[in-house]
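Breakdown of the fold
These are the residues of each chain, in order.
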Amino acid sequence: MTTLTILRLELYAALLLARMLSHHLTLLNNVVTIDRIRAWTDSMIVLMWNTQEYRQFKIFVTNRIAKIRGLIPNYIWAHVGTADNPTDPASRGMLPRDLVSCSKHLTGPGFLRQDDSQWSLSEPVEVTVPVENLSEYKRPTKCALHIQYDSESDELLRRF
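As a starting point, this report considers the structure included with it. All residue numbers refer to positions counted from 1 along the written sequence of the respective chain. Per-residue local features are limited, in this predicted model, to residues with pLDDT of at least 70; the limit for side-chain atom pairs, both in listing and counting, is 80 or more; totals at the level of whole chains, interfaces and linings are taken over all residues. Just so you know, side-chain values use all the structure's heavy atoms and leave hydrogens and water out.

1. Looking at the overall build of the chain
To keep things clear, this is the line we draw: Numbering of helices and strands runs from the N terminus; a helix is a DSSP stretch of H or I covering at least four residues, while a strand is a stretch of E covering at least two. For every residue, the accessible area obtained with a 1.4 Å probe (protein chains only) is divided by the maximum for its type, and the residue is called buried under 20%, exposed over 50%, and partly exposed between those limits. We call two residues in contact whenever any of their non-hydrogen atoms come within 4.5 Å of each other.
The helix and strand inventory of the chain stands at seven helices and two strands. For the chain, the residues scored as buried account for 28% of the 160 residues in total. Within the chain, residue pairs in contact and separated by at least 24 positions form 66% of the contacts whose partners lie at least 6 positions apart.

2. Regarding the nonpolar core
What counts, and what does not: Residues enter a nonpolar core if they are buried and are Ala, Val, Leu, Ile, Met, Phe, Trp, Tyr or Cys, with the set joined through side-chain atoms within 4.5 Å.
The biggest cluster of nonpolar side chains holds 20 residues, and the ones touching the most others in it are Leu11, Trp49, Val61, Ile65, Ile68, Ile72 and Trp77. Those elements giving two or more residues to this core turn out to be helix H1 (6–28), strand S1 (37–41), helix H2 (44–51), helix H3 (59–71) and strand S2 (75–79). Residue contributions to this core peak at five residues, all from H1.

3. Brief notes about the packing of H2 against H3
Let me state the cut-off plainly: Structural elements are reduced to axes, namely lines fitted to C-alpha atoms, with helices fitted over the stretch in contact, and the angle between N-to-C directions of any two is expressed from 0 to 180 degrees. These descriptions rest on fixed angle ranges, namely under 35 degrees for roughly parallel, over 145 for roughly antiparallel, 65 to 115 for roughly perpendicular, and the rest for oblique. Only Asp, Glu, Lys and Arg are considered charged, only Ala, Val, Leu, Ile, Met, Phe, Trp, Tyr, Cys and Pro nonpolar, and every remaining residue, Gly among them, polar.
Where H2 meets H3, the closest approach of the two axes is 10 Å, and the angle between their N-to-C directions is 75°. Between H2 and H3, the angle is such that the two are roughly perpendicular. Contact residues: H2 offers Trp49, Asn50 and Thr51, while H3 offers Val61, Ile65, Ile68 and Arg69. Residues of the contact of H2 with H3, tallied by class, amount to four nonpolar, two polar and one charged.

4. A word on a nonpolar patch on the surface
The line we're drawing: The patches described consist of residues with a relative accessible area above 30% and no salt bridge, like charges being joined within 9 Å and nonpolar side chains (Val, Leu, Ile, Met, Phe, Trp, Tyr) within 5 Å. To measure how exposed things are, a 1.4 Å probe is used in the Shrake-Rupley method; for residues, cover is taken only from the protein chains shown. Whenever a carboxyl oxygen of Asp or Glu lies within 4 Å of a side-chain nitrogen of Lys or Arg, that contact is scored as a salt bridge.
Together, Leu27, Leu28, Val31, Val32 and Ile34 make up a nonpolar patch on the protein surface, roughly 430 Å² of accessible area in all. Along the polypeptide, Leu27 turns up in helix H1. Note on Leu27: relative accessible area 52%, which makes it exposed.

If you want it as structure tokens, here you go:
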């Protein structure tokens, strides 16, 4: 059974976003021209997984990142901080009566209403620790086989 950690759930959220974006792109393709896609996440690890060679991670991450990249191949991932994240109020236990009056939840972060040249986007994720120390890294396996054989086996090996 696969354990669903917070990091894996964040990756599932990114995959869900990619599926939704792909669906909307299909619907809007004949209506408007879309030249750039920007996807937002609050998970720096998911951003890092999206920017690295994904085959170096465990199969769970590898499969989902490959699916995300297949669904929306020409995309830019960006980080949205906790202060601007419109999903945080609901996911942090805000009561429904308070959620109704929460403008961030209804209208999104304020910076989206500005020209995108004024957005303070984080730079591409730079890995500051060795990839081998990160969660979900697939450790390389080394196998060695030592065969000891006698003269009778030697003849058999030479023959075949």
